[in-house]
Amino acid sequence: MHQHDASTEVLTQAIVDYAVDRVSMEPPLDGPRTPDELAAEAGRTITEEGLGGLEALRVFGEVLAPACISVDHPRFLSFVPAAPTEASILFDLVVGASSIYAGSWMEGGGAVFAENEALRYIADLAGMSQAAGGVFVSGGTAGNLSALIAARHRWRTRAGGRLDRTRGLIISSKGAHSSIAAACRAMDADEVSVTSDEEGRLHVENLRDALAALSAEDRDRVFAVVATCGTTNAGVIDDLDAAADAAVELGVWFHVDGAYGGAGLAAPSVRARYHGIERCDSFIVDPHKWLFAPFDCCALVYADPLAARAAHRQHAEYLDVLHADDEHDEQWNPSDFAHHLSRRARGLPFWFSLATYGTAAYRDAVEQTLTVTRAAAQLVREAAQLELIMEPELSVVLFRRVGWTPAQYQAWSDRLLAEGTAFVVPTAWAGETVLRICVVNPRTTVDDIRLILDSLA
Ligand SMILES: *Cc1c(COP(=O)(O)O)cnc(C)c1O
């Protein structure tokens, strides 16, 4: 270890070959195995003597990797898939090799500069001001939590001590992602979940009713209004302008969760649906979902980064060399903008890909997935045994196979995965088991969709 010798050269070649193969091939879909199966095939991998790199790589390639479903397979259409670009994946290797600490400008300035360029692209998509900025965190869950911690901090600070012992409250909606409830649990805050329309969208009337129903005491406890642009289950966008109005009326923070759907901002055909997003105090989008970056990567952008820094900056004797003076600190330290300290420069693969291909390629790739989604909805409409539950607003199609029980849906889904055909799991909609596909991969074709729908005959 820690010696560069002939065996390192051999391992380098083997690892680069493996990575290049994986990037260039159509990935196998693969599927889950039990711990017992893996133990039997992989054997003990951590030993006193070590297996050697080539043997450990063999175990990974032959046993462990096939026990992971390839999220970038063009017929992986469950949950929210991923489709990292060639440039982003390859550059992830460079980030790993570069040993960059990207928590502070002092140590990681060059990387932080590039990450900030990529954050600027996101802020521009959302129409946020030149003052906007933030940080890349691990995922939407971490992004939502960090934004809401900043929101609560501002609410308490403005109250001048009056609310320091008061439990906070968030206004969200039924379509909000489970991570908002998780953030409330972590923060010991309450959540008022506003009813949404039959497609799961937050509407101005629902919001008005919810605000009117708040007691004076609860109104005082509200520190944020959270809206979703691209609900995870249905891919619909809340009335963002109405949510922004509600936040203004209450005098609180407006957070927009676009972990999945924020990428649609890049697509002219749906951009108008995000009206009001530019009024947010914070916004998240996961490039690892629909902006073609590898895991794990969430862009968290604040309208007023100093408000976030006030909430998140850690102080200690060993850290204050990084920022001796809070008042006149000109340096951009990514640690200051989320609930974290040490961090990988996880925005760099996304930045490198943007720099390589240009933003027009991103626009076209997102549009391409929307085109395939619309074609998929059309195929569902045309199939006698299928029913479209709603017109897709972004790249999620919800539909039912007429007459099927939950067990039939599950058996079909299991069979498709076992055959290596596709990965499509059932979801629930209004209490009914239904099917859902989510298209974020520009390599997914209409023929891929047809193959899946035909198997539902
Ligand atoms: C996926 C998702 C999240 C959580 O993101 P992770 O990166 O999985 O933590 C949050 N909000 C929405 C709307 C999502 O779709």
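Attention in this report is confined to the structure presented alongside it. Here the structure is a predicted model, which is why all the values come from computation and not from measurement.

Focus on the pattern of salt bridges
Line of reasoning, step 1. In this structure the tally under the stated criterion is 31 salt bridges.
Line of reasoning, step 2. A salt bridge links Arg343 to Glu115; the nearest nitrogen and oxygen atoms lie 2.9 Å apart. Taken together, the residues Arg343 in the loop between helix H12 (305-312) and helix H13 (348-357) and Glu115 in helix H5 (residues 105-125) connect sequence positions 228 residues apart.
Line of reasoning, step 3. Relative accessible area serves as the criterion here: at 2%, Glu115 is assigned to the buried category.
Line of reasoning, step 4. Here Asp336 ties to Arg313 by a salt bridge, and the two come within 2.7 Å at their closest N and O atoms. In this pair, Asp336 is assigned in the loop between H12 and H13 and Arg313 in the loop between H12 and H13, connecting sequence segments 23 residues apart.
Line of reasoning, step 5. What makes Asp336 buried here is its relative accessible area of 3%.
Line of reasoning, step 6. When its relative accessible area of 8% is taken as the criterion, Arg313 is described as buried.

Overview of H5
Line of reasoning, step 1. Between the first and last C-alpha of H5 there are merely 25 Å, a value that for 21 residues lags more than 12% behind the 30 Å anticipated at 1.5 Å per step.
Line of reasoning, step 2. Along H5, the sharpest change in direction is near 50° and occurs at Ala111.
Line of reasoning, step 3. Backbone geometry just downstream of H5 places Gly127 in the positive-phi region, at approximately 75°.

Overview of the site of the ligand
Line of reasoning, step 1. In the vicinity of the ligand, 15 residues are found, and the nearest of them are Gly140, Thr141, Asp257, Asp286 and Lys289.
Line of reasoning, step 2. Within the side chain of Thr141, an N or O atom sits 2.8 Å from an oxygen atom of the ligand.
Line of reasoning, step 3. In the environment of the ligand, an oxygen atom lies 2.6 Å from a nitrogen or oxygen atom belonging to the side chain of Asp286.
Line of reasoning, step 4. Within the complex, 85% of the 380 Å² of free accessible area of the ligand lies under protein.
Line of reasoning, step 5. If you list the elements that add at least two residues to the shell around the ligand, you get helix H6 (140-158) and helix H11 (287-290).
Line of reasoning, step 6. Among the elements that make up the shell around the ligand, the one with the highest residue count is H6 (3 residues).
Line of reasoning, step 7. Residue composition of the shell around the ligand, grouped by class: 2 nonpolar, 10 polar and 3 charged.

Cut-offs applied
Residues numbered from 1 in each chain as written. Predicted model: local features only at pLDDT ≥ 70, side-chain atom pairs only at ≥ 80, totals over all residues. Heavy atoms only, no water. Salt bridge = Lys/Arg side-chain N within 4 Å of Asp/Glu carboxyl O. Helix = DSSP H or I, 4+ residues; strand = E, 2+ residues; numbered from the N terminus. Buried < 20%, exposed > 50% of the residue type's maximum accessible area, 1.4 Å probe, protein only. Expected span 1.5 Å × (residues − 1). Bend = angle between axes of the 7 residues up to and from the residue. Near = heavy atom within 4 Å. Polar contact = N/O pair within 3.5 Å; in protein donor to acceptor, adjacent residues only side chain to side chain. Areas by Shrake-Rupley, 256 points an atom, 1.4 Å probe, with all protein chains shown as cover. Nonpolar A, V, L, I, M, F, W, Y, C, P; charged D, E, K, R; others polar.

Without other data, these values stay purely geometric and don't point to any function.
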